[in-house]
Amino acid sequence: MKTTQNAIGGKMREKRKSHFIRQVKRSKYLYLIFFLPLCYYILFHYWPMYGIIIAFKDYNVVKGILGSPWVGFKHFEKFLTDPYFWKLVRNTLLINIYGLFWSFPAPIVLALLLNELPNRGFKKFVQSVSYLPHFISTVVVCGMIVNFLSSDGFVNQILIALGRERIQFLMRPEWFRTIYIASGIWQNVGWGSIVYLAALAGIDEELYEAATIDGANRWKQMIHITLPGIKPTISIMLIMNLGRLMSIGYEKIILLYNGSTYETADVISTYVYRRGLLGNDFSYATAVSLFQSVVGLILLYTSNKISNKLSETGLW
Amino acid sequence: MSKTRKIKMSTGYKIFNVINHILLLILVFVTVYPMYYIFIVSISNGIYVSRGEVYLLPKGITLSAYKTVFQNSDIWRAYLNTIIYTTVGTAINIVLSSMCAYPLSRKDFYGRPVFTFIVAFTMFMSGGMIPLYLVVLKLGLIDTIWSIVLPPAINTFNMIIMRTFFQDIPVSLQESAFLDGANDLQILWKIILPLSKPIMATMVLFYAVQHWNSFFSALIYLNSKSKYPVQILLRNIVIAGEFADQQTSIGNVESNFAVVAMNYKYAVIIISVVPILMVYPFLQKHFAKGVMIGALKG
Amino acid sequence: MKKSYAKTVVLFLCLVMALSLVTGCAKPAGNSSGADTGNQSATAPTQAADNTEKSSGKISEKERVLKVMFPEHPNQPVKNFAPAQQEIFKKTNIKLDFEVVPSSNYEDKKKILLATNNLPDIIRISKSDVNDYGTTGIFLPLMDYVKNDMVYFKEKWENIPDLIKVTLDGELYGFPVIARNEAKNGVGPVIRVDLLKKHNLKTPDTFDELLDVLAKLKEIYPNSIPWSMRSGTVKNIQKIAYMLGSGYGDDGIYYDYDVDGGRYVFGPATKEFKNVLSYLNKAYKMGVLDPDYAVSTKQQWEENLTSGKSFFFLDNSGFGLNYTNNLRKTDPEATFQIIPIPANQDGVRRAVFYATVFTGEMYAVNAKIKDPDTVIKFIDWMYSEEGSNITNFGVEGETFYIDENGQPQFIADYVAKFKDAQPSPYYAIYSDLGITKLNFSLWACNTMTQFQIEKLTGTWSDLYDEYWTIVGNDKAYVEPVMDPPLTAEEAERVKDILASLNTMLEQEYDKFIIGVKDISEYDAVIEKAIEMGALELEQIYNNALARLQQ
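Keep in mind the model is a prediction, meaning the values are calculated, not measured.

Things to note about the overall build of chain C
When its secondary structure is counted, chain C shows 22 helices and 15 strands. Put simply, chain C has 550 residues, and 49% of those count as buried. Put simply, 76% of the contacts in chain C that link residues at least 6 apart link residues at least 24 apart.

Below is the structure:
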C-alpha cells in the first residue's frame, strides 16, 4: 500500500505544475475506460433517483412522479412521530449490531481456518460444500428452522435428553436475534469466505517463505503476513456493512416472527411491509427508505473517514 | 500451497490442526445435511415425506417428482433462457466492473475521490423500483433480454471488492510498463487482468449466481412467458402455499393447492440449484495460491 | 487551488453526464427496435378493428389481439392459445394473448404495472385495487356500458344486488368474476370420526364437549397433538372467532349479523373476544392444542394430520377429504369428516361460508384502449352461456356436450385420457383446455367442473357426498358479507389505525392463550384498543355501508 503511494506520489510531484487539462490528458485513457461504467451509473442509478421526490409528494399514477402534488414532510412526520417507530429503529439496529459482532467475523475465521489446512484435497472439499446453504431459498430455510426448533424438534429433543426443559424458541422474544443471526451465519459463512479466500490467494508467497526462513511459526505468520494481507478487504467489507446498519430485509423476518416475538423481531422494513407497502403507499415507503439511506450514508461517510485515518484504506 | 511452507510441526500446531479439522468437519456436516435432506426428500415417496419419516435415507424411492417437473414443456425453454441471461449478463458484468474498478484503483486517476463517491453513493440511495421501471420502459428495454442484463450491469459492492484487489497489485509493475510506453488500456489488458485471476473467478461466481437466482427483474420486466427464466417457474412451485397463506375464497381451490407436494417442491430446488453448483469446481482452481506469483515471475 | 480543482471537476462531470445521456439514450434505442415492432404488431389489428366495413357477424370484424394478464398457479400451467382460446377466436375473432405471471408474485407485478400506468388491455385486479386506483383514471369506467351496451352481464348485475359493493362512488371499474353453480362450504370443524367410533366417543355437540373429546383422545394417545393449527395465531383466531360468538375479519373488523341487527364490529375490542382467547387458553392448558400453534407451518400441520398424530382441525373443511386419502394409504379405516358446527358457550351455532358468488377477483379494462366498444361486447359475451361453456368446458362436441337439462357435461372419453395425470385429473384438464377460474373466465366454474371430472375418473367417493350433505344441511352457516367500498380518505385513515392497532394487539393474543396473562387483564387491552381508534374503524365501515344502502 505504502509503496503504491510513494511511487505514484513521485509521479505526482513531477507533474505538480501541470494544468487541469494536462491532468485530464494524462488520465485520458483512464477516462476512456471509465466512460461506459459512468454512463451505466448515470442511466440506471442517477436518472431513476429523481423518483426520491415522491417521498415528499402524494404519488398519483396518472399525474406521474413529477406531476403529483407536493406534501412536504408529511410522510416523514407520520413515521417519525409514530411512538412505535423508535422501537423499530432499536430492533433494527440491535439485530444489525449483533450481526456485525457475530456474522461479520465468521467468514474471515473460516477463510483463515481453511488457509491453515495442510491437506489440499480436504480444503477444496470443505470449501465447495460450505457454500451450499447459500443456494437454498429463504422460504425453505425458514421452513427448516421452524421444524428444527419446534417443541418436538431436533433441538428440543437434545435438550430433553440432557434433562433440560423444552424451550419454545420461536415464541420467545429473547431468542429471536440468536435464531436470526445463527441461521444467517449458517447460510452465508461459506459464501462470504470466498471474498477472503480470493484476497488470501493474492498474498505474495515469497513473504511466507522469507518468514519461514526467519523462523516465524504459523501463528506469527498469520498475525504478521496473512491478516495484514487481507486487511484492506476486511476494512472495505466492514465499512460497507456499517453503512447498512439501518436496513434489513423483511422476507426472512416475516417468515420467522409472530405476534409474541414482535418485541424484538419487528423491524422498520417489516412494519412498513405490514403497514401497506402492499397497500400502494409508495410515498410512505419511499420516505422510510430515504430515511434509512440518509442514516446509512452518514454512517458510511463516518466509518470511511475513520478507516482512512486509521489504516489508509477506505472506499474513497 | 502448503508445499511451499514446510515448517516444523510443533505440538501446539498439531493440536490446532486436529481441532481445525474437527471444526471444519462439523461445518461440512451442518452445511451438507440440508442439501442432502432436500435431495432424499425429492426422490422419496410423498407419503413417507408427509408423515415425517424421511430423515437419513430416502424411502420408497421414486423419480415421479422429477418426471412431473420435466413434463412441464416450459421448463426446457426456461432453462435455455436462464443460461443465456446468465452468460450474457455475467460477461457484461465482468467487462463493465473491471472497466469501472481499474480507474478507481489508480491513485493518480484525476477526480478519483469524486468518482468513487458517485459510485459508492448509489449503494445507499436509489430511486426505488417504480422510477427504475419507468427508465427501463423509456429506454424501450421492456420484455427484452437487455432489461434483465443491463440494469444490474455493475454491482457496486462487487466492483469495490475488485477495486480493492487491483489496488494491491504492486504499482512497480505498472510503472515499468509506463516506461516501456504502454498506455492505461494496455496495462489493464496485459498486466492487471492476467494478475487478477482469483478475483475474476470470484466475480464470475458472484455475478453468475446472482443472475442464476434472480427472478424479480425478470418478473417485472418480462411479459412473455416464453422469455421467463427457470427461476420464475420454479419459484412459483416452491412458494405456492408456503409464504402467502392465500385463503382463496373458494375453499376447494385451496384444499387442492395442498397437492403441491414436498417431494415435488424439493425436486424443483435440486433442479434449480445443481447446474449452478457445477460452476464452482471450474473456478476453484483459480483460488489457489501462486497464480499471481507465477505471473509476476514469468 | 483547491477550489478551482473542485470547480473543474464539477464542470467536467456535467460535460460527461450530458454526453453520456445523449449516447446512453441513443444506444438502447437500437436495442428497442424489437420491442417497437412488437407493439406495432399488437396495435395494428386494433386499427383494423375500428374499420367496420364488411360484417362477419362476429364481435370483432377483423382479428383483434387482446392482451390479458392474470396469475398462473403451478397446479394449472397456462398455455397460450389452448383449445378454449382457439374456440373463442373462432366465435368472436378475438385472439386472447395471455401474459401470465406466477401467482406467488402476481401482486408485485400488478402493483408495478398499476403504479406506472402501463397496463395490458385487460388485467386481473382485486377489489382493493379498485379502491386504490379507481379514481386515478387508469381503468376504463364501465357503468355506462353496463347500462347501455351489455346484455348478459347486465342480467347478472341486476340479479346479484351485492355486486354494487365492487363499485366506487357509483362507478364500476372492473368486471367481477362470478362463480357458476358453486358448491358451498367454509371453515369448519373436521375430526377423525373413525377414532370417535373406535373409542365410543360421542360426536361433540358443543365446543366444550369438543375439548373433552380431544382430551380423551390425548389420554389414549399420549404422544399425539390432538388439535393442530397452521400459519400463526391471527389466522387461527380469524377461523374460530365467529363460531365462538365474536369475529375477526381480514384485519379484525368483521360484519356481525347478530349485533344490532347486523353491523360492523372490530372483534378484538369487544368483551365477546375474551371467550375466544379463554377457549384457546383452555385448549392449550389441557394439552389438546398444538404447543407450536403460533409458529406451525402448513407443511408441519399437514404432516401432523396425515401421519395420524393429530385428530382435529378447524380450517377449510374441504382439506379433510385429501387427508383421508393420504391416511388411508396406511390405515384403511382412517376418516376425517366434518361435523356440524358445535354450539358455543352461549348455546349459539354460527359459521360463515366462503364467498360463492363473487370470489374477489375482477378484470379491469385499460382506459387507454382504442376500441372499448368491441372489448366490452366481447366481455359481455364471456358472461353468456356460450362464452361460459367454452371457458369452462372447452369445445362443444369434442370435450363437452349439452345434456337434456341444458347443462354442459364433460365427455367421458376425453376425460379418461387424464385419469392418471398430475397433480390431479381436473387440473390437467383445465390446463390442457385453458379453462375455469384459474384461467380467464368471467362466469367461472370451480366445483361444478371438478365434481364432474372426479365422478368420471372414479376419484369421487361416498365420503364426498357425505361431506357436502353435512355442510348443506347445517343451518349454522351464513353468507359472508362483502365489505363496502371506502373513500380514499377513509381507506387512508383505516390503514393508519390498523397498522399500530394490530401491531399492539398481535403482541397480546399469545400471552392470553399461553396463560402468561390472565383473561381478566384483557379488559385493559380492550380499553387501549378503543383508545387507538377501534371504534372509529367500526364507524367508518358502518358509515360506508349506510352510504351504500341509500
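Considerations on the overall build of chain B
From N to C terminus, chain B includes 17 helices and 0 strands. Counting only residues that meet the buried cut, chain B has 49% of its 298 residues in that class. By sequence separation, contacts in chain B at least 24 residues apart represent 73% of the contacts at least 6 residues apart.

Observations concerning the confidence of the model for chain B
Residues and elements named next belong to chain B. Of the residues in chain B, 84% reach a pLDDT of 70 or more, and the chain-wide mean stands at 80. Long-range and interchain partners of residues 242–259, a stretch whose pLDDT sits below 50, account for 48 contacts in this model, where long-range means more than four residues apart. Long-range and interchain partners of residues 289–298, a stretch whose pLDDT sits below 50, account for 16 contacts in this model, where long-range means more than four residues apart.

Digging into the confidence of the model for chain C
All names here are of chain C. Predicted confidence across chain C gives a mean pLDDT of 86, with 90% of residues reaching 70 or more. Note on residues 6–54: pLDDT is under 50 here. Beyond four places in sequence and across chains, it has 52 contacts. On the interface metric, ipTM, the complex scores 0.84, and its pTM is 0.83.

Considering the interface of chain A and chain C
Facing the 30 residues of chain A at the interface are 35 residues of chain C. Of all the secondary structure elements, the ones that give two or more residues to the side of chain A that touches chain C are helix H3 (28–46), helix H9 (138–149), helix H15 (262–265) and helix H16 (268–277) of chain A. For the side of chain A that touches chain C, the leading source of residues is H3(A), giving 4 residues. Residues belonging to the side of chain A that touches chain C are distributed by class as follows: 14 nonpolar, 12 polar and 4 charged.

Here's the deal with the pairing of strand E11 (residues 358–365) of chain C
Residues and elements named next belong to chain C. Burial within E11 is extensive, with 7 of its 8 residues counted as buried. Bridging between strand E3 (residues 122–126) and E11 involves 5 bridges; their strand directions are antiparallel. By the bridge assignment for E11, Ser126 is matched with Glu361.

Considering the sheet that holds strand E8 (residues 312–316) of chain C
All names here are of chain C. Read across the sheet, 3 strands follow the order E8-E5-E9 without closing on themselves; strand pairing throughout is antiparallel. Unpaired on one side and paired on the other, E8 and strand E9 (336–338) mark the two borders of the sheet. Averaged over all pairs of adjacent strands, the angle between their axes in this sheet comes to 35 degrees, without regard to strand direction. The sheet contact formed by strand E5 (residues 187–192) and E8 spans 5 bridges and is antiparallel. Among the inter-strand pairings, Val190 is bridged to a residue of E8, identified as Phe313. Packed onto the sheet, helix H13 (residues 319–328) meets E5, E8 and E9 and runs at close to 165 degrees relative to E9. Sitting on the sheet, helix H19 (residues 462–473) touches E5 and E9, and the angle it makes with E9 is about 25 degrees.

A short note on the interface of chain B and chain A
Listed by partner, the interface residues are 85 residues for chain B and 76 residues for chain A. Broken down by element, the side of chain B that touches chain A gets its largest block of residues, 12 residues, from helix H1 (residues 11–42) of chain B. Taken together, the residues of the side of chain B that touches chain A break down into 58 nonpolar, 18 polar and 9 charged.

Observations regarding the environment of Gly267(C)
Residues and elements named next belong to chain C. Along the polypeptide, Gly267 turns up in the loop between strand E7 (263–266) and helix H11 (273–285). Remark: the alpha-carbon pair of Gly267 and Trp460, spanning 193 residues in sequence, is separated by 39 Å. Sequence-distant contacts of Gly267, defined by excluding residues within four places in its chain, comprise Ala241, Ser246, Gly247, Tyr248, Gly252, Tyr254 and Phe273.

Describing helix H10 (residues 154–161) of chain A
When you tally the buried positions in H10(A), you get 0 out of 8 residues, a small fraction of the element. Just beyond H10(A), the residue with positive phi is Gly163(A), at close to 80 degrees.

Topic: unusual backbone geometry
Note: most peptide bonds trans; most residues except glycine with negative phi. All names here are of chain C. Backbone geometry places Phe81, a non-glycine residue, at a positive phi of 60 degrees. Residue placement: Phe81 occurs in the loop between strand E1 (64–72) and helix H3 (83–92). For Thr436, which is not glycine, the phi dihedral falls at a positive 70 degrees. Secondary-structure assignment places Thr436 in the loop between helix H17 (425–433) and strand E14 (443–444).

Quick notes on the sheet that holds E11(C)
Residues and elements named next belong to chain C. Overall, mixed pairing links the 6 strands, which are arranged E2-E1-E3-E11-E4-E14 in an open sheet. Here the strands that pair on one side only, and so sit at the sheet edges, are strand E2 (94–102) and E14. Pairing of strand E4 (residues 175–179) with E14 involves 2 bridges; the strand directions are parallel. Paired with Ile178 across the two strands is Trp443, which belongs to E14.

Brief notes about the nonpolar core
For soluble globular proteins, nonpolar side chains are generally found buried alongside one another. By size, the foremost hydrophobic cluster in this structure holds 298 residues, and its most contacted members are Val268(B), Leu214(C), Val276(C) and Leu442(C). Among the elements that take part in this core, helix H11 (residues 173–201) of chain A stands out by supplying 13 residues, more than any other. When residues of this core are sorted by domain, at least three fall in each of domain 1 (2–56) and domain 2 (74–311) of chain A. Ignoring sequence-local partners within four residues, the contact set of Val276(C) consists of Ile237(C), Ile240(C), Ala241(C), Leu244(C) and Ser246(C).

Notes on the packing of helix H20 (residues 488–514) of chain C against helix H21 (residues 522–531) of chain C
Residue and element names in this part refer to chain C. One way to put it is that H20 packs onto H21 with a least axis distance of 11 Å and a crossing angle of 170 degrees. Here H20 is positioned roughly antiparallel relative to H21, judged by the angle of their axes. Residue-level contacts link Leu501, Met504, Leu505, Glu508 and Phe512 of H20 to Tyr522, Val525, Lys528 and Ala529 of H21. For the contact of H20 with H21, the per-class residue count stands at 7 nonpolar, no polar and 2 charged.

Side note on the environment of Leu548(C)
All names here are of chain C. In this structure, Leu548 sits in helix H22 (residues 534–549). Considered as a pair, Leu548 and Phe266 are 282 residues apart in the sequence and their alpha carbons are 20 Å apart. Other than its neighbours up to four places away in sequence, Leu548 contacts Ile164, Lys165 and Pro484.

Structural notes on helix H8 (residues 120–130) of chain A
Among the residues making up H8(A), those that are buried are Lys123(A), Val126(A), Gln127(A), Val129(A) and Ser130(A). Buried residues in H8(A) make contact with helix H7 (105–115) and H11 of chain A together with H1 and helix H16 (279–284) of chain B.

Structural notes on the environment of Gly394(C)
Residues and elements named next belong to chain C. Here Gly394 lies in the loop between helix H15 (385–393) and strand E12 (400–402). Since 27 C-beta atoms lie within 10 Å of it, Gly394 is described here as buried. For the pair Gly394 and Thr436, spaced 42 residues apart in sequence, the C-alpha separation works out to 9.4 Å. Setting aside residues up to four positions removed in sequence, Gly394 forms contacts with Pro83, Ala84, Thr399, Phe400, Leu433 and Ile435.

Examining the packing of H3(A) against helix H10 (residues 184–195) of chain B
Look at H3(A) against H10(B): their axes get within 7 Å of each other, and the N-to-C directions meet at 65 degrees. Along its contact with H3(A), which presents Tyr29(A), Leu30(A) and Ile33(A), the element H10(B) presents Asp184(B), Leu185(B) and Leu188(B).

Rules behind the numbers
Residues numbered from 1 in each chain as written. Chains lettered and ligands numbered in written order. Predicted model: local features only at pLDDT ≥ 70, side-chain atom pairs only at ≥ 80, totals over all residues. Helix = DSSP H or I, 4+ residues; strand = E, 2+ residues; numbered from the N terminus. Buried ≥ 20, exposed ≤ 12 C-beta atoms within 10 Å, placed from the backbone. Contact = placed C-beta atoms within 7 Å. pLDDT = per-residue confidence, 0-100. Nonpolar A, V, L, I, M, F, W, Y, C, P; charged D, E, K, R; others polar. Pairing = 2+ DSSP bridges. Axes fitted to C-alpha atoms, helices over the stretch in contact; angles between N-to-C directions. Core = buried A, V, L, I, M, F, W, Y, C linked by C-beta atoms within 7 Å. Domains from an automatic or database assignment. Parallel < 35°, antiparallel > 145°, perpendicular 65-115°, else oblique.

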